[in-house]
Amino acid sequence: MTLSLGMKNEWKDYDNLTLAGQVLQNRYTTFDFGLVLPISSNFDFLVTLIHDRERSTYQKFTYDRNIILGGIVFGRGRY
């Protein structure tokens, strides 16, 4: 079994772009959690949960979303 955790932060400030009377500033945060479970010697089951968030001085660009990915990985042996 393999477990992975991740976090990413990004800041984007725009000096010359103004929306709704404010200089645009965006903050992005992404958290991810992944799990790989071996099914057999050649097959693994993979599931990843992602929480993605943007905060912006322009309200229409502000959001939260959750993404779930899953799949089967086939390979000749483990790496």
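Above this note sits the structure.
Reading guide: rules and limits
Residues numbered from 1 in each chain as written. Predicted model: local features only at pLDDT ≥ 70, side-chain atom pairs only at ≥ 80, totals over all residues. Heavy atoms only, no water. Pairing = 2+ DSSP bridges. Helix = DSSP H or I, 4+ residues; strand = E, 2+ residues; numbered from the N terminus. Axes fitted to C-alpha atoms, helices over the stretch in contact; angles between N-to-C directions. Salt bridge = Lys/Arg side-chain N within 4 Å of Asp/Glu carboxyl O. Buried < 20%, exposed > 50% of the residue type's maximum accessible area, 1.4 Å probe, protein only. Contact = heavy atoms within 4.5 Å.

**Remarks on the sheet that holds strand β2 (residues 22-38)**
- Read across the open sheet, the four strands follow the order β1-β2-β3-β4; overall the sheet is antiparallel. Edge positions in the sheet fall to β1 (2-19) and β4 (63-74), since each has one partner strand and no second. Strand after strand, the sheet turns through a mean of 15 degrees between neighbouring axes, direction not considered.
- Pairing of β2 with strand β3 (residues 43-56), which is carried by 13 bridges, proceeds in the antiparallel orientation. Paired with Asp32 across the strands is Ile50, a residue of β3.

**Considerations on the pattern of salt bridges**
- Taken as a whole and assessed by the stated rule, the structure comprises five salt bridges.
- With a closest N to O distance of 3.9 Å, Arg53 and Asp64 form a salt bridge. Within this pair, whereas Arg53 is found in strand β3, its partner Asp64 is found in strand β4, the two being separated by eleven residues in sequence.
- Taking the relative accessible area as the measure of exposure, Arg53 reaches 27% and is therefore partly exposed.
- We classify Asp64 as partly exposed; its relative accessible area is 44%.
- Arg55 serves as the salt-bridge partner of Asp64, at 2.8 Å between the closest nitrogen and oxygen.
- Exposure remark for Arg55: the relative accessible area of 35% places this residue in the partly exposed category.
- A single salt-bridge network, built from bridges that share partners, covers Arg53, Arg55 and Asp64.

**Examining the side chain of Ser56**
- Examined against the element boundaries, Ser56 turns out to sit in strand β3.
- Ser56 gets classed as buried once you look at its relative accessible area, which sits at 14%.
- Setting aside residues no more than four positions away along its own chain, Ser56 makes contact with Leu24, Gln25, Asn26, Phe61 and Thr62.

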